[in-house]
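# A structural walkthrough
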Amino acid sequence: MLTYAEALATLLKEAHPLETERVGLSSSLGRILAAYVSSPLSLPSFDNAAMDGFAIRAGAGDIPSGTAFTIAGMQAAGDGTTAYPGADACEIATGARVPDGFDTVVPVERCERMGDIVRLTQAEPRGQNIRRAGGDIATGAPALTAGRRIDAAAIMLLAALGIGDVPVARRPRVVIINTGSELHDSGPLPEGGIHDSNGPFLEAMLASWGVDLLARHRVPDTGDAFAHAVREAMHAGVDLIITTGAVSAGRFDFVPSALAALGARECFHKVAIRPGKPILAARFDGGPLVLGLPGNPIAVAVGHRFFLTPVLRAMAGLAPEKPLRVRLAEGHDVRPGLQHFALGRVEADAEGRQVARVQRNQAAYRIVPFTQANTWLTADGSFGEVVDAWPLDPAAAT
Ligand SMILES: Nc1nc2c(c(=O)[nH]1)N[C@H]1C(S)=C(S)[C@@H](COP(=O)(O)OP(=O)(O)OC[C@H]3O[C@@H](n4cnc5c(N)ncnc54)[C@H](O)[C@@H]3O)O[C@H]1N2
Ligand code: MOO
Ligand SMILES: [Mg+2]
């Protein structure tokens, strides 16, 4: 049986970066920047007043209190370059261009105006209250790095730089296929039925990552129904099919054979991990990649976090994630020979140091501990002094 590292390496060979597309700024939120953005202009692009008051031509040194100037005009925000030949002062608004040769802005609170004369009521250091051109970012300087998930802050900077559209990674076209005759939506259940939790979970996680979800099918435990859903997904031009259930050792575990019958090339089936051991990956040459997750919900959560997320990152052109190494508060014995993924919490201990605790009473089928965890902890063999910690929600990872 493959180790996790071997299985992941095999899988990532099949996950190629998707093409880049350009999107308008207003539809770029949440997208992953596909290329480095350097600043096309300097910000601010001209020297402008930081305060409402008077622009002064102070000349050499600071301006003593009581100095008076004749006001030659008014410079409003948005006015172009206006020269004030021979003048030493003009009224100015916050954000307005500082006229050439003027070198200080005195706020209205620090002077008094009589007609077209303004007199300083306090000494004013030269050069005050001017936002210098390029003071925020210079032309050609790095603005945003490739791989950045575009958030509102990035949009503020891109808009300030006058950038109207950005290169982003194309979103993968994904189809989810949940298998199980026992599965039902919310509401009353027939005898033996259960509510489908894998489907809504995967749909939510993929929405927060940002994919183009073409469909979510639920199929009964027959290979034909499953094959029909796979064929429909392939006609729709899907990049990635995620299935849940029917990959283990039972009579109704038809996914491996159904995919083989459809011509998929199996990349691996069963990995030395827990939860998630029966996981499967297959590839339709020239077609989609298939990730066959086990049916147990926590195995689906592990499959999503440690197999699907690395695939989504590779398709978005992102480098593999790096976990945080943290100290374990207490030991946690596990079955040797398997790589374990345990739900946990990373918190500051009494001394304020990051420490990890494994969630108690978690099992491959229990869902409640998942809602109380804030991290996944991984270790091959027993959990010793330190473990690797991964944020629960990969969209939050950088
Ligand atoms: N003899 C063996 N039995 C099992 C083994 C094994 O090695 N030998 N592996 C166990 C492990 S580990 C897992 S994980 C499960 C995975 O089995 P399948 O992938 O075949 O999944 P199913 O049998 O279809 O379902 C398992 C379990 O999960 C429930 N389920 C399925 N889909 C959903 C869904 N969408 N929402 C909520 N719950 C779902 C299903 O009702 C079953 O209870 O196999 C073990 N068995
Ligand atoms: O893969 Mo499992 O260990 O039951 O979820
Ligand atoms: Mg089964």
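Residues numbered from 1 in each chain as written. Chains lettered and ligands numbered in written order. Predicted model: local features only at pLDDT ≥ 70, side-chain atom pairs only at ≥ 80, totals over all residues. Heavy atoms only, no water.

## Looking at the site of ligand 2
Rule in force here: Residues are counted as near a molecule or strand when any one of their heavy atoms sits within 4 Å of it. Under the rule applied, a polar contact is a pair of N or O atoms within 3.5 Å (in protein, one hydrogen donor and one hydrogen acceptor; residues adjacent in sequence only if both atoms are side-chain atoms). Cavities and pockets are defined on a 1 Å grid built over the protein atoms alone: a cavity is a set of grid points where a 1.4 Å probe fits but cannot escape, while a pocket is an open set with protein on both sides within 12 Å along at least five of seven lines, and lining residues are those with an atom within 4 Å of any such point. Molecule-in-pocket calls rest on the fraction of atoms, with more than half required to lie within 2 Å of the cavity or pocket grid points. Note on residue categories: nonpolar means Ala, Val, Leu, Ile, Met, Phe, Trp, Tyr, Cys or Pro, charged means Asp, Glu, Lys or Arg, and polar means any other residue, Gly included.
The local shell around ligand 2 consists of R274, P275, G276, K277, P278, N296, A299 and A364. Taking R274, its side chain carries an N or O atom lying 2.8 Å from an oxygen atom of ligand 2. Between ligand 2 and N296, the relevant distance is 2.9 Å, taken from an oxygen atom to a side-chain nitrogen or oxygen of the residue. Cavity membership is defined here by more than half of the atoms lying within 2 Å of grid points; on that basis ligand 2 lies in the largest pocket. Residues of the shell around ligand 2, tallied by class, amount to four nonpolar, two polar and two charged.

## Some thoughts on the UniProt feature "domain: MoaB/Mog" (unreviewed entry) in the chain
Applied cut-off: UniProt positions are given in the numbering used here, feature names are shortened, and annotations may be inferred rather than shown by experiment. A run of H or I in DSSP counts as a helix once it spans at least four residues, and a run of E counts as a strand once it spans at least two, with each numbered from the N terminus.
Summarizing the sequence annotation, UniProt attributes the feature "domain: MoaB/Mog" (unreviewed entry) to residues 175-314 in the numbering used throughout. Each end of residues 175-314 is marked by a C-alpha atom, and these two atoms are 18 Å apart; helix forms 36% of the span and strand 27%.

## Thoughts on the pattern of salt bridges
To keep things clear, this is the line we draw: Put simply, a salt bridge is a Lys or Arg side-chain nitrogen that is within 4 Å of an Asp or Glu carboxyl oxygen. Each residue is placed in one exposure class: buried if its accessible area under a 1.4 Å probe, protein chains only, is under 20% of its type's maximum, exposed if it is over 50%, and partly exposed if it falls in between.
Following the criterion strictly, the structure yields 24 salt bridges and no others. Note that E19 is salt-bridged to R170, the shortest N-O span being 2.8 Å. One end of the pair, E19, is in the loop between helix 1 (4-12) and strand 1 (20-24); the other, R170, is in the loop between strand 12 (165-169) and strand 13 (173-179), and 151 residues separate them in sequence. Using a relative accessible area of 45% as the deciding quantity, one classes E19 as partly exposed. The exposure class assigned to R170 is buried, which follows from its relative accessible area of 11%.

## Focus on the coordination of the magnesium ion (ligand 3)
For clarity, the cut-off: Only nitrogen, oxygen and sulfur atoms qualify as donors, and only when within 2.8 Å of the metal (3.2 Å in the case of Na, K and Ca); with water excluded, sites may look incomplete.
Those protein atoms acting as donors to the magnesium ion (ligand 3) are D253 (OD) and D253 (OD), and they sit at 2.6 to 2.8 Å. Following the sequence through the fold, D253 ends up in the loop between strand 17 (240-244) and helix 5 (255-261).

## A short note on helix 6 (residues 297-315)
Convention followed: Two axes are fitted around each residue, one to the seven residues ending there and one to the seven starting there, and the angle between them is reported as the bend at that residue.
Considering bend angle alone, the principal kink of helix 6 is centred on L308 and spans about 40°; proline P310 follows within four residues of it. Summarising burial for helix 6: 19 of the 19 residues are buried, a large majority. Positive backbone phi, approximately 80°, marks G317, located one or two places after helix 6.

## Focus on the site of ligand 1
Operational definition: For every accessible area listed, the method is Shrake-Rupley and the probe measures 1.4 Å; residues are considered covered only by the protein chains on display.
Inspection of the region around ligand 1 gives 21 residues, with E182, D196, S197, A246 and N296 positioned closest. The contact in question runs from a nitrogen atom of ligand 1 to an N or O atom on the side chain of D196, over 2.8 Å. S197 places a polar main-chain atom, nitrogen or oxygen, 2.9 Å from a nitrogen atom of ligand 1. Relative to its unbound accessible surface of 870 Å², ligand 1 loses 70% to contact with the protein. Assessed atom by atom at 2 Å from the grid points, ligand 1 resides in the largest pocket. Mapped by element, the contributors of at least two residues to the shell around ligand 1 are strand 15 (194-195) and helix 6. Of the residues in the shell around ligand 1, the class split is nine nonpolar, eight polar and four charged.

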